[in-house]
Amino acid sequence: QVQLVESGGGLVQAGGSLRLSCAASGRTFSSYTMGWFRQAPGKEREFVAAINRNGGSTNYVDSVKGRFTISRDNAKNTVDLQMNSLKPEDTAVYYCAAGSNFVLRSRSDRRGYDYWGQGTQVTVSS
């Protein structure tokens, strides 16, 4: 069992930056692929970024490439999402997720994730 708690959301002007952090409980953090997803009002939850178990491989949705960076610290059981050059369309609730079901799935596939945080609101004003 893994419990995930996100923090770092808030209100920022377009062009600004925020850093989201996700703290995980449990001793098996390093055995999970970690991902960030987001959900805007009235829209489906969408993939944002993922990082593999040792931090050596990352994936991003095209709309955030070059602006967002995912990283993890297995010693501290944390995964972060650095968000720069924020745009109003980045406004959403951001969720941290942990999963291990990627043998036949991409890391962008929600079905690969077993555990989810409660989410943190990010609002970007124009």
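The coordinates are above.
Residues numbered from 1 in each chain as written. Predicted model: local features only at pLDDT ≥ 70, side-chain atom pairs only at ≥ 80, totals over all residues. Heavy atoms only, no water.

J.: Tell me about the overall build of the protein, residues and numbers included.
T.: Secondary structure assignment for the protein yields zero helices and 11 strands. Helices and strands in the protein line up, N terminus first, as β-β-β-β-β-β-β-β-β-β-β. Relative to a compact globule of 126 residues, whose C-alpha radius of gyration would be 14 Å, the protein shows 14 Å and is just as compact. In terms of overall dimensions, the protein has a C-alpha envelope of 40 × 30 × 25 Å along the principal axes. The burial tally for the protein puts 44% of its 126 residues in the buried class. For the protein, the share of sequence-separated contacts (at least 6 apart) that also reach a separation of at least 24 residues comes to 58%. As displayed, the protein has an accessible area near 6,500 Å², and 45% of this comes from carbon and sulfur atoms. (Helix = DSSP H or I, 4+ residues; strand = E, 2+ residues; numbered from the N terminus. Rg over C-alpha atoms; globule rule 2.2 N^0.38 Å. Buried < 20%, exposed > 50% of the residue type's maximum accessible area, 1.4 Å probe, protein only. Contact = heavy atoms within 4.5 Å. Areas by Shrake-Rupley, 256 points an atom, 1.4 Å probe, with all protein chains shown as cover.)

J.: Quick one: what's the story with the pattern of salt bridges, residue by residue and with numbers?
T.: Taken as a whole and assessed by the stated rule, the structure comprises seven salt bridges. In this structure, Arg19 and Asp80 form a salt bridge, with 3.2 Å as the shortest nitrogen-oxygen distance. Highlighted residues: Arg19 in strand 3 (residues 18–24) and Asp80 in strand 8 (residues 78–83), separated in sequence by 61 residues. Classification of Arg19 as partly exposed rests on a relative accessible area of 43%. What makes Asp80 buried here is its relative accessible area of 14%. (Salt bridge = Lys/Arg side-chain N within 4 Å of Asp/Glu carboxyl O.)

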